[in-house]
Amino acid sequence: MFDLTVMEWIIIIFSALLIGFAKAGVASMGILVVTIFMMLFPARESIGILLPLLIVGDLFAVIYYRRNVVWRYLFSLVPWVLIGILIGYVVLFFISSEQLKPLIGILVLALIVLHISREKMGERFVEMLPKSKLFTFLMGITAGFATMIGNAAGGVMAIYLIVKGLPKKEFVGTGAWFFLFVNLVKMPFYLSLGIVTWETIAFNSKLVPAIIIGALIGVKVIKIMPQKVFQVLVLVFAALGAIRLIMG
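Here the structure is a predicted model, which is why all the values come from computation and not from measurement.

Reading the values: rules and limits
- Residues numbered from 1 in each chain as written.
- Predicted model: local features only at pLDDT ≥ 70, side-chain atom pairs only at ≥ 80, totals over all residues.
- Heavy atoms only, no water.
- Helix = DSSP H or I, 4+ residues; strand = E, 2+ residues; numbered from the N terminus.
- Expected span 1.5 Å × (residues − 1).
- Buried < 20%, exposed > 50% of the residue type's maximum accessible area, 1.4 Å probe, protein only.
- UniProt positions renumbered as here; feature names shortened; annotations may be inferred.
- Patch = residues over 30% accessible without salt bridge, like charges linked within 9 Å, V, L, I, M, F, W, Y side chains within 5 Å.
- Areas by Shrake-Rupley, 256 points an atom, 1.4 Å probe, with all protein chains shown as cover.
- Salt bridge = Lys/Arg side-chain N within 4 Å of Asp/Glu carboxyl O.

Enquirer: Can you tell me about helix α2 (residues 29-40), naming the residues and giving the values?
Expert: Here α2 spans 17 Å end to end across twelve residues, near enough to the 16 Å set by a 1.5 Å rise per residue. For α2, a buried count of ten out of twelve residues is recorded, marking the element as mostly surrounded by other parts of the structure. Of the residues making up α2, those classed as buried are Met29, Ile31, Leu32, Val33, Val34, Thr35, Ile36, Phe37, Met38 and Leu40.

In structure tokens:
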């Protein structure tokens, strides 16, 4: 699985930098990393390879934004997220890599559409979403399922937190705690499915420095970079990657 070319190693190291950068605030980049890993590795195995790397990024984000979290929005979401994770676990138990690729591709495209809709409609989009228990239920189930089957809940959580009207730091900090929680919860399931192994963890350990470097860069750059233009480019490449997954 890890007999990689020099170019593939360069892409993976770049992806590790992107993970750190995404955890520092540019969440849409996570979609791009998911698609890159599924192009380099079998779809089912790729999500197991990616999970420990995401946890490293989560730990950095939680430490850096430890004072910027709104706990009540997380506590109301947790029960439904856990149900979504269980549903995703059942799906992963029965589905093959070839079947998983188009499923993840469709999910990524759906998240991109949601992200673009949010950007285009602005406040009108937020006002259209119900701030109710049903909304929390749907967001929780969807986020849990998306993160379980493909580490792809970033778009769902972005919409949930935007509806709650969080300021920028609280948005990032609350999201950081959420993803650390769900990714740690997912680890035993991934171990039981055999998609996280000692071999994949040894591979992950080589990429930790790149994640940390990416996060440190992200913390500095996020304050000054034109995020909107950058996110458009990221979403375009993510969409191309998702289409490739769907086409096989």
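Enquirer: Before we move on, could you go through the environment of Arg72 and cite the residues and values that matter?
Expert: Looking at where Arg72 falls in the secondary structure, it is placed in helix α4 (residues 71-75). Expressed as a C-alpha distance, the spacing of Arg72 and Thr174, which sit 102 residues apart in the sequence, is 9.9 Å.

Enquirer: Outline the UniProt feature "transmembrane region" (unreviewed entry) in the chain, supporting the account with residue identities and numerical values.
Expert: Per the UniProt annotation, the sites labelled "transmembrane region" (unreviewed entry) are residues 12-40, 47-65, 71-95, 100-117, 137-163, 175-195, 201-222 and 229-247. Helix makes up 88% of residues 71-95 and strand 0%, and the two end C-alpha atoms of the span are 35 Å apart. With 90% helix and 0% strand, residues 175-195 has end C-alpha atoms that lie 25 Å from one another.

Enquirer: Explain a nonpolar patch on the surface residue by residue, including any values.
Expert: Nonpolar side chains collect at one region of the surface, where Trp80, Ile83, Ile87, Leu134, Phe137 and Leu138 lie side by side and expose about 500 Å² of accessible area between them. Secondary-structure elements contributing two or more residues to the nonpolar patch are α5 (78-94) and α8 (133-150). Along the chain, Ile83 turns up in helix α5.

Enquirer: So, the pattern of salt bridges: which residues are in play, and what are the values?
Expert: Two side chains that carry opposite charge are able to pair once their charged atoms sit near each other. Here the structure, examined in full by the defined rule, presents one salt bridge. Across the salt bridge formed by Asp58 and Lys23, the nearest N and O atoms sit 2.7 Å from each other. You can see Asp58 sitting in helix α3 (residues 43-64) and its partner Lys23 sitting in helix α1 (residues 6-23), a full 35 residues away along the chain. Here Asp58 matches Lys23 in class, with each residue buried.

Enquirer: Could you give an account of the environment of Gln99, naming the residues involved and the relevant values?
Expert: Relative to the helices and strands, Gln99 resides in helix α6 (residues 97-121). Since its relative accessible area comes to 48%, Gln99 is described here as partly exposed. In the structure, Gln99 is positioned 55 residues away from Arg44 in sequence and 9.2 Å away in space, judged by C-alpha atoms.

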